[in-house]
Amino acid sequence: MSSSCSGLSRVLVAVATALVSASSSCPQAWGPPGVQYGQPGRPMTLCCPGVTAGAPVSWFRDGETRLLQGPDSGLGHELVLARADSADEGTYICRTLDGAVGMVTLQLGYPPARPVVSCRAADYENFSCTWSPSQVSGLPTRYLTSYRKKTVPGADGQRMSPSTGPWPCLQDPPGAACCVVRGAEFWSQYRINVTEVNPLGASTRLLDVSLQSILRPDPPQGLRVESVPGYPRRLRASWTYPASWPRQPHFLLKFRLQYRPMQHPAWSMVEPAGLEEVITDAVAGLPHAVRVSARDFLDAGTWSAWSPEAWGTPSTGPLPKEITAESQPHTQLVEEPPADSPAPPRPSLLPDPQPLVHRDPLEQVAVIASLGIFSLLGLAVGALALGLWLRLRPDGKDGPPKPGFLAPMIPVDKLPGAPNL
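Calculation rules
- Residues numbered from 1 in each chain as written.
- Predicted model: local features only at pLDDT ≥ 70, side-chain atom pairs only at ≥ 80, totals over all residues.
- Heavy atoms only, no water.
- Helix = DSSP H or I, 4+ residues; strand = E, 2+ residues; numbered from the N terminus.
- Contact = heavy atoms within 4.5 Å.
- Areas by Shrake-Rupley, 256 points an atom, 1.4 Å probe, with all protein chains shown as cover.
- Salt bridge = Lys/Arg side-chain N within 4 Å of Asp/Glu carboxyl O.
- Buried < 20%, exposed > 50% of the residue type's maximum accessible area, 1.4 Å probe, protein only.
- Phe/Tyr/Trp six-rings, centres within 6.5 Å; stacked < 30°, edge-to-face > 60°.
- Lys, Arg positive; Asp, Glu negative; His and termini not counted.
- Polar contact = N/O pair within 3.5 Å; in protein donor to acceptor, adjacent residues only side chain to side chain.
- Patch = residues over 30% accessible without salt bridge, like charges linked within 9 Å, V, L, I, M, F, W, Y side chains within 5 Å.
- Core = buried A, V, L, I, M, F, W, Y, C linked by side-chain atoms within 4.5 Å.
- Pairing = 2+ DSSP bridges.
- Axes fitted to C-alpha atoms, helices over the stretch in contact; angles between N-to-C directions.
- Disulfide = S-S within 2.5 Å.

## Points about the overall build of the protein chain
A count of helices and strands for the protein chain gives 3 helices and 22 strands. When contacts within the protein chain are restricted to residue pairs at least 6 apart in sequence, long-range pairs at least 24 apart make up 62% of them. When the accessible surface of the protein chain is totalled, it reaches about 28800 Å², and 60% of it is carbon and sulfur.

## Here we look at the pattern of salt bridges
Scanning the model with the defined rule gives 6 salt bridges in all. A salt bridge links D208 to R191, with the shortest nitrogen-to-oxygen separation between them at 2.7 Å. Pair noted here: D208 is in strand β15 (residues 201-210) and R191 is in strand β14 (residues 189-198), with a separation of 17 residues, a long-range link. A residue is classified by how much of its surface remains accessible, and D208, at 42% relative accessible area, is partly exposed.

## Overview of the packing of aromatic side chains
Scanning the entire structure with this criterion turns up 10 aromatic pairs. Look at F186 and F251: their rings are 5.4 Å apart centre to centre, the planes differ by 70 degrees, and that puts the pair in the edge-to-face class. Taken together, the residues span a long stretch of sequence, with F186 in the loop between β13 (178-181) and β14 and F251 in the loop between β17 (235-240) and β18 (253-261) at a distance of 65 residues. The buried category is assigned to F186, whose relative accessible area is 10%. Between Y241 and F255, the aromatic rings sit 5.6 Å apart at their centres with planes inclined by 80 degrees, giving edge-to-face as the arrangement. Taken as a pair, Y241 in the loop between β17 and β18 and F255 in strand β18 lie far apart in primary sequence, 14 residues in all. Across this residue pair, the class does not change: Y241 and F255 are buried.

## A short note on the side chain of R291
Of note, R291 is situated in strand β21 (residues 288-296). Put simply, R291 is tucked away with no salt bridge, and the nearest opposite charge, on E309, sits 4.5 Å away. Of note is the side chain of R291, whose polar atom sits 2.7 Å from the side chain of Q258. Residues within four places of R291 in sequence aside, it is in contact with L223, R256, L257, Q258, W267, W306, S307 and E309.

## Focus on a nonpolar patch on the surface
Nonpolar side chains collect at one region of the surface, where L252, F297 and L298 lie side by side and expose about 260 Å² of accessible area between them. Assignment of secondary structure puts L298 in the loop between β21 and β22 (310-312).

## Some words on the nonpolar core
Membership of the largest hydrophobic core comes to 39 residues, with the highest contact counts inside it found for F127, I192, L257 and V290. Ranked by residue count, the leading element in this core is β18, at 4 residues. In terms of nonpolar packing, the next biggest core, distinct from the first, is built from 14 residues, L46, C48, V51 and L106 among them.

## Some details on the sheet that holds strand β3 (residues 57-61)
Strand pairs in the sheet, formed through backbone hydrogen bonds, run parallel or antiparallel to each other. Reading across from one edge, β1-β7-β6-β3-β4 is the order of the 5 strands in this open sheet, with mixed pairing throughout. Sheet topology places β1 (35-38) and β4 (67-69) at the edges, where each strand pairs with a single neighbour. On average, adjacent strands in this sheet sit at an angle of 35 degrees to one another, irrespective of strand direction. Pairing geometry for β1 and strand β7 (residues 101-108), over 4 bridges, is parallel. The residue bridging V35 from the neighbouring strand is T105, located in β7.

## Structural notes on the state of the cysteines
By definition, a disulfide is the covalent link that joins the sulfur atoms of two cysteine residues. This model, assessed by the stated rule, comprises 3 disulfides. Each sulfur in the disulfide pair C48 and C94 lies 1.8 Å from the other. Handedness of the C48-C94 disulfide follows from its S-S torsion of about 70 degrees: it is right-handed. Pair noted here: C48 is in the loop between β2 (44-47) and β3 and C94 is in strand β6 (residues 90-96), with a separation of 46 residues, a long-range link. With a sulfur-sulfur separation of 2.0 Å, C119 is cross-linked through a disulfide to C129. Judged by the torsion about the S-S bond (100 degrees), the C119/C129 disulfide is right-handed. Within this pair, whereas C119 is found in strand β8 (residues 116-120), its partner C129 is found in strand β9 (residues 127-132), the two being separated by 10 residues in sequence. Grouping residues by exposure puts C119 and C129 together as buried. Take C178: it sits in no disulfide, and the sulfur closest to it among the cysteines is that of C179, at 6.3 Å.

Geometric descriptors of this kind do not, in isolation, establish any biological role.
Below, the structure is given as structure tokens:
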């Protein structure tokens with residue numbers, strides 16, 4: 001009984017679906033109302049909006065009286081174009097037998113292709129992705145954006161674990177060709193999903209990125225170029241970190257600076273150690289263009305774009321009086337202390353019993369270690385020589401002593417068997 005009821009219910013659902021589809025109006029794709037979309041060179045079927053499916057209608061082009069298709073065509077409320085082209089674009093009028101009028105506009109275009117996506121991180125906490133269509137579709141288009149974070153299971157894992165997420169990549173403002181991921185992890189990898197959608201379909205681009213590989217800071221800010229008074233070949237340049245870069249001790253920037261005289265095509269470049277640099281080979285009397293660029297101090301990512309150029313001209317005047325006065329020797333006047341004040345201690349003329357030691361502690365440790373090593377080597381060589389001597393020296397108990405250079409001399413007349421003269 002239950003099986004027959006379930007079968008009957010399925011039949012009723014199918015019949016209801018057929019009735020709804022038969023009585024429904026033309027399917028409306030997203031976009032402006034009353035607009036239908038197609039692809040050039042493909043068959044195209046227009047349907048009269050607001051008319052029951054199958055009801056006979058007459059079709060006209062807007063502004064023309066020529067009948068395109070009559071009510072006796074057998075196609076009901078639809079108009080079939082065998083091969084649509086640009087000449088078929090425009091507005092069509094459909095009229096029922098009872099005088100009801102509908103209007104539909106045909107717009108031709110192409111399905112979406114995979115978009116071109118690129119990502120960039122201006123700091124080590126956030127990154128943004130931008131995209132552009134790889135081909136122009138000619139149709140209303142929108143983009144769906146999301147991202148996943150990919151994690152490595154451990155040192156023993158040889159492949160990436162399943163991604164976590166996805167989360168929406170927020171487009172700010174909505175509809176912009178850019179989305180931003182905030183609070184990213186510097187050592188993590190992410191998969192970006194950008195899907196281009198138009199009334200004829202959808203196409204997706206997946207892009208795997210790591211924050212350290214796409215890091216590219218903004219250009220330095222506040223570049224200033226000043227002359228150095230009294231030095232006709234010097235310029236002092238100073239700048240600040242970009243405002244988008246958080247100042248943390250573990251994530252610093254390094255810089256490079258380029259400069260050139262006016263009307264000179266080639267740039268000279270130096271890599272400053274801080275936030276300023278003194279140019280010492282400027283051309284006297286000529287304005288100089290200066291610009292700076294930044295990069296992560298551990299060489300992650302790439303160099304930033306160059307900052308806007310700043311201009312400066314070396315000084316042409318003499319040294320300031322203050323500098324001239326400071327460069328001349330002068331005597332320092334010592335004020336006599338008041339009579340009632342205690343006399344200041346006089347410097348001792350005796351030599352300091354503890355001489356000053358200017359050696360670096362590491363250098364002292366290295367010297368002591370070297371002395372110890374040489375001492376050990378000397379002891380080892382001495383022990384080896386002593387062992388060889390003890391092993392090779394003659395032993396008097398094993399046999400008669402061999403005559404040598406130091407053998408005792410015995411008179412000839414005392415030798416046994418010698419003739420007595």
